[in-house]
Amino acid sequence: GMDESALEAVELPDELIGKGGNDLFVYELPPMTLRRGDRAMVPILRTSIPYRDVYSWDIKLTHAESYAAISADANSPLKLNEAKVWRQVELINNTDIPWTTGAAMIVDGMQPLAQELLTYTSPGGICRVPVTVSVDLRGKVGDTEVNREFNALKWRGHDFARVHGNIEVELANNKSVPVSVEVRLQFGGKATQASHAGKIALEAYRAEDWHNHQGNPINNSSEVRWMETIAPGMCFKPTVNYDFYLQH
């Protein structure tokens, strides 16, 4: 082991004494004395911060890379019950020290709403804490093939058809107040157009986007994001056009 003189010679980096800006951060507390068997609860920070409610909906659709139709239950009305729109509390760290990862309890007056994880948030940063699944926001998704162009592409000695399709998203606000929503749609194929100022991001092929995948990395994976405020009683109905290649 190290003797005390050796320990005194150790220089700790700033981030270990509450002065750094790295993800590793230790809060500085004043000296205190605890007798054996004592316990202490020490407040570290108390502050009022800005927050807003954000409702988020993540949609993942899979397409078929073969001519076999996907299973009949894919269009079951039960999918409506699987459209989970999460209410999240968005918090802004307006203090001059970071919030480290830890448990967060959200209460409305004396009513507990959720216990979740507060993730590391640097000063000036924004974090989100999930609260619960909203029962007043109902969503559904329709995915329709529009047409197929045969012999659209030849690749590695194989002929490919280009499949054109259309996705229709509906999100109804049954609350009595307007809500801010963030919808994220992921699917196999190349998004070519998105309504309502949807932001399209194209990524490389992902096998999990496909039924019966054959491992053809020729197709993209697409993500479309919308940020929208839905008025009470109204329905947000964005659409996406896409295409993907299907081997003959």
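Residues numbered from 1 in each chain as written. Predicted model: local features only at pLDDT ≥ 70, side-chain atom pairs only at ≥ 80, totals over all residues. Heavy atoms only, no water.

Draft legend 1. View of the overall build of the protein. Within the protein one finds one helix and 15 strands. Working note: accessible area of the protein is about 15,800 Å², and carbon and sulfur atoms make up 51% of it. (Helix = DSSP H or I, 4+ residues; strand = E, 2+ residues; numbered from the N terminus. Areas by Shrake-Rupley, 256 points an atom, 1.4 Å probe, with all protein chains shown as cover.)

Draft legend 2. Examining the sheet that holds strand β6 (residues 126-133) more closely. Spatial ordering of the open sheet is given by β6-β3-β1-β9-β13-β11, a layout of six strands whose pairing is mixed. Bordering the open sheet on either side are β6 and β11 (199-203), each of which pairs with just one other strand. Across the sheet, the mean angle separating the axes of adjacent strands is 25° when strand polarity is ignored. Pairing geometry for strand β9 (residues 179-188) and strand β13 (residues 221-230), over ten bridges, is antiparallel. When the bridges of β13 are listed, Glu182 appears paired with Met227. (Pairing = 2+ DSSP bridges. Axes fitted to C-alpha atoms, helices over the stretch in contact; angles between N-to-C directions.)

Draft legend 3. Highlighting the pattern of salt bridges. A full pass over the atoms with the stated rule returns 16 salt bridges. Salt bridges linked by common partners bring Arg52, Asp58, Glu90, Arg128, Glu182, Arg184, Glu223 and Arg225 together as one network. (Salt bridge = Lys/Arg side-chain N within 4 Å of Asp/Glu carboxyl O.)

Draft legend 4. Fine view of the nonpolar core. Among the nonpolar cores identified, the biggest contains 28 residues, and Leu171, Phe187 and Val240 are the most heavily contacted of them. Within the residue set of this core, elements represented by two or more residues are β1 (51-61), β8 (158-173), β9, β10 (190-194), β13 and β15 (239-247). When residues of this core are assigned to their parent elements, the largest contribution, five residues, is made by β9. Not counting chain neighbours up to four residues away, the residues in contact with Val240 comprise Gly165, Asn166, Ile167, Leu185, Phe187, Ala191, Gln193, Ala194, Val224 and Trp226. In this structure, Leu91, Ile106, Ala114 and Val131 belong to the second largest nonpolar core, which totals ten residues. (Core = buried A, V, L, I, M, F, W, Y, C linked by side-chain atoms within 4.5 Å. Buried < 20%, exposed > 50% of the residue type's maximum accessible area, 1.4 Å probe, protein only. Contact = heavy atoms within 4.5 Å.)

Draft legend 5. Fine view of the packing of aromatic side chains. Taken as a whole and assessed by the stated rule, the structure comprises five aromatic pairs. A ring pair is formed by Trp210 and Phe244, whose centres lie 5.1 Å apart and whose planes are at 75°; its orientation type is edge-to-face. Taken together, the residues Trp210 in strand β12 (residues 210-211) and Phe244 in strand β15 connect sequence positions 34 residues apart. As far as the burial class goes, Trp210 and Phe244 line up, both buried. Ring pairs connect the aromatic residues Phe187, Tyr205, Trp210, Tyr242 and Phe244, which therefore count as one cluster. (Phe/Tyr/Trp six-rings, centres within 6.5 Å; stacked < 30°, edge-to-face > 60°.)

Draft legend 6. How the structure looks around the pairing of strand β4 (residues 102-108). In terms of strand pairing, β4 meets strand β5 (residues 111-118) through seven bridges, oriented antiparallel. Its bridge partner being in β5, Ile106 is matched across the sheet by Ala114. Taking the residues that link successive antiparallel strands as the turn, the β4-β5 hairpin has two residues, and the phi of Gly109 there is positive, at about 65°.

Draft legend 7. Geometry of a nonpolar patch on the surface. Where nonpolar side chains cluster on the molecular surface, the patch consists of Leu29, Met32, Leu34, Val42, Ile44 and Leu45 and spans about 520 Å² of accessible area. On the secondary structure map, Met32 appears in the loop between α1 (4-8) and β1. Judged by relative accessible area, which is 46%, Met32 ranks as partly exposed. (Patch = residues over 30% accessible without salt bridge, like charges linked within 9 Å, V, L, I, M, F, W, Y side chains within 5 Å.)

Draft legend 8. Just the environment of Leu171, in detail. Mapped onto the secondary structure, Leu171 falls in strand β8. Counting along the chain gives 59 residues from Leu171 to Ile230, while the straight-line C-alpha distance between them is 8.7 Å. Once residues lying within four places of it in the same chain are set aside, the contact partners of Leu171 are Trp57, Val85, Leu137, Arg138, Gly139, Val181, Val183, Ile230, Met234, Cys235 and Phe236.

Draft legend 9. View of the environment of Val181. Positionally, Val181 belongs in strand β9. For Val181, a relative accessible area of 1% gives the class buried. In this structure the C-alpha to C-alpha distance between Val181 and Ser56, which are 125 residues apart in sequence, comes to 5.6 Å. In this structure Val181 touches Tyr55, Leu137, Leu171, Trp226, Met227, Glu228 and Ile230, once residues within four positions along its chain are discounted.

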